[in-house]
Amino acid sequence: MTEIFDEIINRKNTGSEKWDKVDDLFGGENLLPLWVADMDFRTPPEVIDALSQKAAHGIFGYTSYMDSTYSSAINWFSRRHGWRIEKEWILFSPGVVPAINILIQTFTNLCDGIIIQRPVYHPFARVIENNGRKVLNNPLRQNKNGNYEIDFDHLRKQAQKPAAKMMLLCTPHNPVGRVWRADELKEIIKICSDNNILIVSDEIHCDLVFSGHKHIPLHTIADGYTDNIITCTAPSKTFNLAGVQVSNIIVPDEEKRNKLRNSLMKAGMLDPNSFATVAMEAAYNHGEQWLDNLLNYINGNFEFLKNFTSENLSDAKVTDLQGTYLAWVDFRKYNLSTKELDDLFVKKAGVAPSPGYIFGPEGAGFTRFNLACPKSVLENGLKRIAEAFRNLK
Ligand SMILES: Cc1ncc(COP(=O)(O)O)c(C=O)c1O
């Protein structure tokens, strides 16, 4: 059932950011894009059918969530994650990044500090700074196996700073691929609750978790602190719907929810587009088997990357992938500057993965590879990279 993911689908000249912007952004020609986090796979057939029916209906007036829209998300989180979400807690947003912007504007003030853990999804720092807030970084640490851990002593110090008001948690964590364990999440909650820090938990990658690991929605283990946790979720990474622009902000506390609804209204962001609700319902109601097949396929691509790297790029170290479809590879042993590494990928190999330093200076010397493409595409990119490294010598 994973053969569908082998199909190569031309995305050039479709307005795809990944394919149509890559040459300009990376300064190359005909680059093979392995960067931004969307997939080169079609969304599940049930979603395509539902969207086609909607298109054929032909009327695209103002749209709102119906009971069936709420229940698709509620049932999904209950089935897949054991999380019972109340309908009232759910607010629509066109995306998680827009949601994070509005959350920062609504619940913090100018110059307040917001904790993030670099290397992390780069818009976190940008959104904080664009809004005139300050980044309080708690860098992740690598253990002796190269896996990433949270530095809780440093997190406590950051949380104790008078300016600290919010923590933006990435769970699972892009780009290092960690799925945080319950004990780690509980310690974060403890530190934040001791210091009255509101937690915004970005769980956009929650469905993309590999066997042996389990995503734990932060809210489900927060006991007395649930009113101070706001969770961002979306079907967009899971089902390749980023361009449809649909996400949900889960806000259990009524006062916070009213405040947030007011901000969303002021920003003119309350209503979904006509395709958003249709896509989300179809994906959450019918996409489960497709997702299980996808996870198998991505896991296969990751195994391929690991084996290929150990045979052909033996000085590169692939970080364990617990969640997300983004592999994090350490090239520091090659002793190249960030410019040399960029040039090697773009100018010599003709591929465009994400340079690690965009996720914070802690990512320098690392590269993030998007595994959500046909295996033959990944193989092609990796072969070109191996060749470019061979020519270095
Ligand atoms: C952690 C994280 N949050 C948010 C997003 C983007 O969310 P959206 O497209 O809904 O704004 C991404 C995309 O890669 C992500 O990795």
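To be clear, the structure that these remarks concern was listed above.
What comes next is a walk through the structure. Owing to the predicted nature of the structure, the values given are computational and were not obtained by experimental measurement.

All right, on to the nonpolar core then. Residues Leu294, Phe331 and Ile385 are the most contacted members of the largest nonpolar core, which totals 72 residues. Among the elements that take part in this core, helix α12 (residues 288-312) stands out by supplying 10 residues, more than any other. Filtering out sequence-adjacent residues up to four positions away, Leu294 remains in contact with Phe5, Met39, Phe41, Leu208 and Thr238.

So, about the environment of Asp223. Following the sequence through the fold, Asp223 ends up in the loop between β8 (198-202) and β9 (229-233). Taking relative accessible area as the criterion, Asp223 reaches 66% and is therefore assigned exposed. C-alpha of Asp223 to C-alpha of Lys186: the two residues are 37 residues apart in sequence and 9.7 Å apart in space.

Moving on to the sheet that holds strand β14 (residues 366-370). The sheet built from five strands is open, its strands ordered β1-β13-β14-β12-β11 with mixed pairing. The strands lining the two open edges of the sheet, one partner per strand, are β1 (32-34) and β11 (317-318). Sheet strands in contact with helix α14 (residues 375-390) are β1, β13 (351-355) and β14, and its direction is about 105 degrees off that of β1.

Glancing now at helix α7 (residues 152-160). Residues separated by three or four positions in an α-helix point in the same direction, a consequence of the helix having 3.6 residues per turn. Taken residue by residue, α7 has Phe152, Leu155, Gln158 and Ala159 as its buried positions. Each buried residue of α7 sits inside an arc of 115 degrees when the element is viewed along its axis, so together they form one side. Exposed positions of α7 whose direction lies more than 90 degrees from the buried face are Asp153 and Lys157. Close packing links the buried residues of α7 with β3 (113-116), β4 (134-137), β7 (164-170) and α8 (182-194). Two or three places before Asp153, at the opening of α7, Asp151 has a side-chain oxygen 3.4 Å from that residue's backbone nitrogen.

The rules behind the values
Residues numbered from 1 in each chain as written. Predicted model: local features only at pLDDT ≥ 70, side-chain atom pairs only at ≥ 80, totals over all residues. Heavy atoms only, no water. Core = buried A, V, L, I, M, F, W, Y, C linked by side-chain atoms within 4.5 Å. Buried < 20%, exposed > 50% of the residue type's maximum accessible area, 1.4 Å probe, protein only. Helix = DSSP H or I, 4+ residues; strand = E, 2+ residues; numbered from the N terminus. Contact = heavy atoms within 4.5 Å. Pairing = 2+ DSSP bridges. Axes fitted to C-alpha atoms, helices over the stretch in contact; angles between N-to-C directions. Arc of directions from axis to C-beta. Polar contact = N/O pair within 3.5 Å; in protein donor to acceptor, adjacent residues only side chain to side chain.

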